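# A look at the structure
Here are the chains, one letter per residue:
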Amino acid sequence: AGQGATTAGAVGITAGASTTAAGGAVTLTSGAGTSGGLVSLVGAASAAGGGVTLTGGEGTSAAGGALTLTAGQGATTAGAVGITAGASTTAAGGTVTLTSGVGSTTAGGIALTGADSPVGGGITLTTGATGGSGTAAGDFTVTGGTGQTGGADVSITAGTTTTTNAGGAITLTAGVGAAHTGGSVTIEAGAGTATSSGSITIATKNAGTKGGSGKLVFSSGTSSSGNSGALYIGTGAATGGKGGLISIGVGSATVGSGGTVSVTAGSSSADAGGVASLTGGASSSGAGGVASVTGGDSSTAAGGASSLTGGATSANNVAGGQVSITGGASTGGTGTQGGAVSMTGGAGAGATGGAITIESGAGTATSSGPITIKSKDAGSAGASGKLEFKSGTSSVGNTGAILIGSGDAGSGGSAGNGGAVTISVGGGTAGTTGGHLTLSAGGANTGSGAGGNLYLKPGNGQTRGAVYFKDDVASDTTYGTISAATFDFTATGSVSIVSSGTAALSGTVVTLTGSTGISMGASHVYNFESGTGTFDDGTLNKMSGVVTTSTNNLAAGTEVAVTVTNSRVSTTSQVYVTLASDCGAGTLLSLGVSAVNNGSFTAKFKNIDTVTDCSQAFKYSFLVIN
């Protein structure tokens, strides 16, 4: 076209029009050769470069004309289609824009599709690299359009496979930072400026008939020098409602076991392992949130167990991990209480309820661990908490027993003693009373029942144990002993044994000793050891007795000596003899005891009548006092 002082002349190539059929075509074809010739449409260089526009024809009553760019086929590699915006040496390079056509109902779409082939054609979208220091590479943005009823969806779907191989994968990988932190990957749902924000769902598809569903892995990368990346799963704060729920659930199974949920803190080869913490949420106006660990329910077998176990260690001279259950502290003012700790076995609807077992750890080489159950010391204005060990009530059977005992000691060469059991009541300070210790057997609520017994039973052995009553002073004096061989009580004051019935003291020897005397009071004393016998010289082993002599004709003016052999008599015994009857015609006189020996005593009697002989035997009584 011709040059012009203002606008240069145009070049127009137009095919012929038709009123009844298709319009004529315009074809620009380069020449054939060893390499085909190029066809170039180039805008002229100028202060503003000339543009090149390719536009399909308008359809006044049907579809508009299409615009097709197709590279040539080749015997080896087919020709490429390249669209490149213009470069700039002083400002930003030109933009490549693919925009679909506007429609009165629906706008046209944009499709980038790799061709079908034995290996399907790929699609690569890559932003430009930076050529200088201190500048960033180009961003890559995929954004759905804005709409009045709904924003446009953005969907990325990997290809399917028709064979037994895996379907196509989708990989989102942020850029590498050669000298600094790598790029971040952010997946964020859309904001709802008036209502709720959008959801994010990350899920694998349901499995087919012969496989398992795909797993989900949320993991930060490894680190060779610094900390590995943290993993945060949390819901947002709420200013007008409840905090969002976090639910971790494993799928149910119809044949095998249900899936496992495992929360494991990180291990360390140079320092302490990581902490695993389950904490209920804090509250500034209501109760703190509950932290609950619950085993699963079952309708056909045992319910799932809940287990808290400290970590094991294989190192020397260190302890395994502790398990600590502590109620929450209360830091408020008057009337606030610390949190309680409650352990309750499960209810049994048709059988025995669940047991609670507290058992210390075994020491395979030394002692097993102790168990300490105690309430904390009281504050400045209260009492320490009580301990209550009590079995539950029963409506039909017996109530549960309470057994407190130490274990048996072994029988080996280095075996020790049986463990002691001590029940001690706290003392009171000056001006107060020490705590009482009450041992009370159960009562019977019906008129025909018997109250429970109270047993104090010492241990058996080569030497049998005893029950001791001790004085709580530094000397630890024993003032009472009860055993199979001894019943001994010593008191600095009075000792009183009172019975509304009969009070009996029996034994091989019963000794009553009083430093100033023994008072029988105004009571009737009876049932001394007593016996009878008929002899002049004979045996009667009693403390008292009545003896009838064999002599029945003691002559007038004659005396007789009788000897009684008696195991109750010793040389220090006091023996008293009195006449219990006369001798008939004569006059009899007791001359008393003439001799007291070990095992016997001798008494003399005389008929003082000088004329008349006795006409019958006589009786005398004796009393031995040791």
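One structure accompanies this document, and this report is about it. For clarity, every value in this text was computed on a predicted model and none was experimentally measured.

Scoring rules and cut-offs
- Residues numbered from 1 in each chain as written.
- Predicted model: local features only at pLDDT ≥ 70, side-chain atom pairs only at ≥ 80, totals over all residues.
- Heavy atoms only, no water.
- Pairing = 2+ DSSP bridges.
- Helix = DSSP H or I, 4+ residues; strand = E, 2+ residues; numbered from the N terminus.
- Axes fitted to C-alpha atoms, helices over the stretch in contact; angles between N-to-C directions.
- Buried < 20%, exposed > 50% of the residue type's maximum accessible area, 1.4 Å probe, protein only.
- 1 Å grid on protein atoms, 1.4 Å probe; cavity = no way out; pocket = protein on both sides within 12 Å on 5 of 7 lines; lining within 4 Å.
- Points joined across faces, edges and corners; volume = space filled by probe spheres on them.
- Nonpolar A, V, L, I, M, F, W, Y, C, P; charged D, E, K, R; others polar.
- Core = buried A, V, L, I, M, F, W, Y, C linked by side-chain atoms within 4.5 Å.
- Contact = heavy atoms within 4.5 Å.
- Salt bridge = Lys/Arg side-chain N within 4 Å of Asp/Glu carboxyl O.
- Phe/Tyr/Trp six-rings, centres within 6.5 Å; stacked < 30°, edge-to-face > 60°.

Our focus in this paragraph is the sheet that holds strand β1 (residues 467–470). Strands sit in the order β1-β2-β3 across an open sheet of 3 strands; the sheet is antiparallel. Because the sheet does not close on itself, it has two edges, and the strands there are β1 and β3 (487–489). Averaged over all neighbouring strand pairs, the angle between strand axes comes to 15°, with direction disregarded. By the bridge criterion, 3 bridges tie strand β2 (residues 478–482) to β3 in an arrangement that is antiparallel. Bridging from a neighbouring strand, T481 pairs with D488 of β3.

Okay, the pairing of strand β7 (residues 559–565) next. Because side chains alternate across β7, one face comprises the buried residues V560, V562 and V564, and the other comprises E559, A561, T563 and T565, none of which is buried. Sheet topology places strand β5 (residues 538–539) next to β7; 2 bridges connect them, and they run parallel. Looking across to β7, one finds that G538 is bridged to V564.

With that settled, the discussion passes to the sheet that holds strand β10 (residues 600–607). Pairing between the strands of a sheet is mediated by backbone hydrogen bonds and can be parallel or antiparallel. Taken in spatial order, the 4 strands of this open sheet run β5-β7-β10-β9, and their pairing is mixed. If you trace the sheet from one side to the other, it starts and ends with β5 and β9 (588–597), each paired once.

Size it by volume and the second largest pocket reaches roughly 3,400 Å³. If you go around the second largest pocket, you meet 49 residues; those closest to its centre are I325, M343, I356, T357 and I358. Considered class by class, the residues forming the lining of the second largest pocket number 18 nonpolar, 27 polar and 4 charged.

On to the nonpolar core, then. Grouped together as the largest cluster of nonpolar side chains are 20 residues, with contacts concentrated most on V577, F601, F605, F618, Y620 and F622. Of all the elements in the fold, those that place two or more residues in this core are β7, β8 (574–579), β10 and β11 (619–625). For V577, the residues in contact, after removing those within four places along its chain, are S590, V593, F601, A603, F605, Y620, S621 and F622.

Scanning all chains against the criterion turns up 2 salt bridges. The partner of K386 in a salt bridge is E388, and the shortest N-O contact between them spans 3.6 Å. Assigned by exposure class, K386 and E388 land together as exposed. Linking R568 and E529 is a salt bridge whose minimum nitrogen-to-oxygen distance equals 2.6 Å.

According to the stated counting rule, one finds 4 aromatic pairs in the structure shown. A ring pair is formed by F601 and F622, whose centres lie 5.4 Å apart and whose planes are at 50°; its orientation type is tilted. With F601 in strand β10 and F622 in strand β11, the pair connects residues that are 21 residues apart, well separated along the chain. With respect to class, F601 is no different from F622; both count as buried. Aromatic side chains F605 and Y620 sit 5.0 Å apart centroid to centroid with 35° between the ring planes, which places their arrangement in the tilted category.

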